[in-house]
2 protein chains.
Amino acid sequence: MQQPTFLILTALADRPQHGYGIMTDVERMSDGSVRLRAGTLYAALDRLREEGFIQIDHEEIVDARLRRYYSLTDDGATRLAAEADRLRRHAQTASRRLRASRITNAAARGVS
Amino acid sequence: MQQPTFLILTALADRPQHGYGIMTDVERMSDGSVRLRAGTLYAALDRLREEGFIQIDHEEIVDARLRRYYSLTDDGATRLAAEADRLRRHAQTASRRLRASRITNAAARGVS
DNA sequence: AGCCATATATCGATGGTCGGTATATGCTGG
DNA sequence: CCAGCATATACCGACCATCGATATATGGCT
């Protein structure tokens, strides 16, 4: 699973949201580092719905504009939890190894 | 950065390794869930070298077979550290939101 | 009047990964 | 004794998620 997809599911983890809301939420969550393109977002929403990870929650019209709200399915929540755990473990492994390497290099330079 | 690329850099975080060693290391690190294809690995090694994140450390011949060892550059270590931190934060956000959602749902069902 | 935010949708291009194939050596089980 | 597997690098076409751009429409701000 790629980062944009992961962040879309994360945006839906605690409440239903509509497409545009997901876009801004993802940008905020990632401190502006991940700007979802409209193409990416709506293609991903269709795909994730086909895969059964999200579903259409409800729709409403605001200012003559459609808002289509999506929510996580149980499958989606399970999948996201598994993916989050994988990310956490990978991040931990990388940090541990980098730390080990810095210690080794410091020792080699005679630094206490 | 995609997961395979991240894991390749992680494999090199604490010591130089050759291609095939990276492949087995990545599989072990991810509990067998990520099996690097030869095509992915060697293409990624070329690309990462061009980008300045890794470099050829040294080469040796074992059993008439070439072993080309790669190591992280300073740039690569910096990049990997930043990426690991991003992964950690994203995983944390997803887990926090999922937890919040479970509490809300439990309360809605009248569960203490 | 012009621009930006809101909101969804579609389309071609890009690029990292997948899956397979090629080449070569050495070890091991049947 | 030879077939298969592990080791080791390399290349290629295919796939698909994402990018970047464009389209359409409304409302608010300057």
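For the structure itself, look to the data block above.
The present account deals with the structure reproduced in this document. (Residues numbered from 1 in each chain as written. Chains lettered and ligands numbered in written order. Predicted model: local features only at pLDDT ≥ 70, side-chain atom pairs only at ≥ 80, totals over all residues. Heavy atoms only, no water.)

**Describing the relation of the copies chain A and chain B**
Here the second copy of the chain follows from the first by a rotation about an axis and a shift along it.
Part 1 of the argument: With an axial shift of 0.0 Å and an RMSD of 0.0 Å, the rotation relating chain A to chain B amounts to 180°. Such a combination of turn and shift is consistent with a two-fold rotation axis.
Part 2 of the argument: Interface overlap between copies: 100% of the residues of chain A at the interface are likewise at the interface in chain B, consistent with a symmetric, same-surface contact. (Least-squares fit on C-alpha atoms with pLDDT ≥ 70 in both. Contact = heavy atoms within 4.5 Å.)

**Regarding the environment of A:Ala91**
Part 1 of the argument: Mapped onto the secondary structure, A:Ala91 falls in helix H4 (residues 74–108).
Part 2 of the argument: If we ignore the near neighbours within four places in the chain, the residues touching A:Ala91 are B:Phe6, B:Ala84, B:Leu87 and B:Arg88. (Helix = DSSP H or I, 4+ residues; strand = E, 2+ residues; numbered from the N terminus.)

**Points about the interface of chain A and chain B**
Part 1 of the argument: On the side of chain B, 34 residues touch chain A, which itself brings 34 residues to the contact.
Part 2 of the argument: Counting the surface lost from both chain A and chain B, the interface buries some 2,600 Å², and carbon and sulfur atoms represent 59% of this.
Part 3 of the argument: The interface formed by chain A and chain B contains 6 salt bridges.
Part 4 of the argument: As a salt-bridge pair, B:Asp25 and A:Arg97 come within 3.0 Å of each other at their nearest N and O atoms.
Part 5 of the argument: Where chain A meets chain B, there are 7 residue pairs in polar contact (both at pLDDT 80 or more).
Part 6 of the argument: When residues in the side of chain A that touches chain B are grouped by element, the largest group, 17 residues, is from H4(A).
Part 7 of the argument: Of the residues assigned to the side of chain A that touches chain B, the class counts are 16 nonpolar, 9 polar and 9 charged. (Buried area = accessible area lost by both parts, 1.4 Å probe. Salt bridge = Lys/Arg side-chain N within 4 Å of Asp/Glu carboxyl O. Polar contact = N/O pair within 3.5 Å; in protein donor to acceptor, adjacent residues only side chain to side chain. Nonpolar A, V, L, I, M, F, W, Y, C, P; charged D, E, K, R; others polar.)

**Here we look at the sheet that holds strand E3 (residues 65–72) of chain A**
All names here are of chain A.
Part 1 of the argument: With antiparallel pairing, 3 strands are arranged side by side in an open sheet as E1-E3-E2. Two strands lie at the open edges of the sheet, namely strand E1 (17–18) and strand E2 (54–62), each paired on one side alone.
Part 2 of the argument: Sheet topology places E2 next to E3; 8 bridges connect them, and they run antiparallel. In the strand pairing of E3, Val62 is matched with Arg65.
Part 3 of the argument: Sheet contacts for helix H3 (residues 38–50): E2 and E3; angle to E2, the most-contacted strand, approximately 135°. (Pairing = 2+ DSSP bridges. Axes fitted to C-alpha atoms, helices over the stretch in contact; angles between N-to-C directions.)

**What to know about the protein's contact with DNA strand C**
Part 1 of the argument: The local shell around DNA strand C holds 19 residues, among which A:Tyr20, A:Arg67, A:Arg68, B:Thr5 and B:Arg65 are the closest.
Part 2 of the argument: In DNA strand C, atoms within 4 Å of the protein come from the sugar-phosphate backbone in 73% of cases.
Part 3 of the argument: When residues of the surface near DNA strand C are assigned to their parent elements, the largest contribution, 4 residues, is made by E3(A).
Part 4 of the argument: Among the residues making up the surface near DNA strand C, the classes are represented as 5 nonpolar, 7 polar and 7 charged. (Near = heavy atom within 4 Å.)

**Points about the packing of helix H2 (residues 19–29) of chain A against H3(A)**
Residue and element names in this part refer to chain A.
Part 1 of the argument: Direction vectors running N to C along H2 and H3 enclose 120°, while the axes themselves pass 10 Å from each other. In terms of axis orientation, H2 runs oblique to H3. You can see that H2 and H3 cross each other, and the crossing is right-handed. Of H3, the residues touching H2 (which contributes Gly19, Tyr20, Ile22 and Met23) are Ala38, Leu41, Tyr42 and Leu45.
Part 2 of the argument: Its residues assigned to classes, the contact of H2 with H3 shows 7 nonpolar, 1 polar and no charged. (Parallel < 35°, antiparallel > 145°, perpendicular 65-115°, else oblique. Left-handed = near helix turned anticlockwise from the far one by under 90°.)

Without other data, these values stay purely geometric and don't point to any function.
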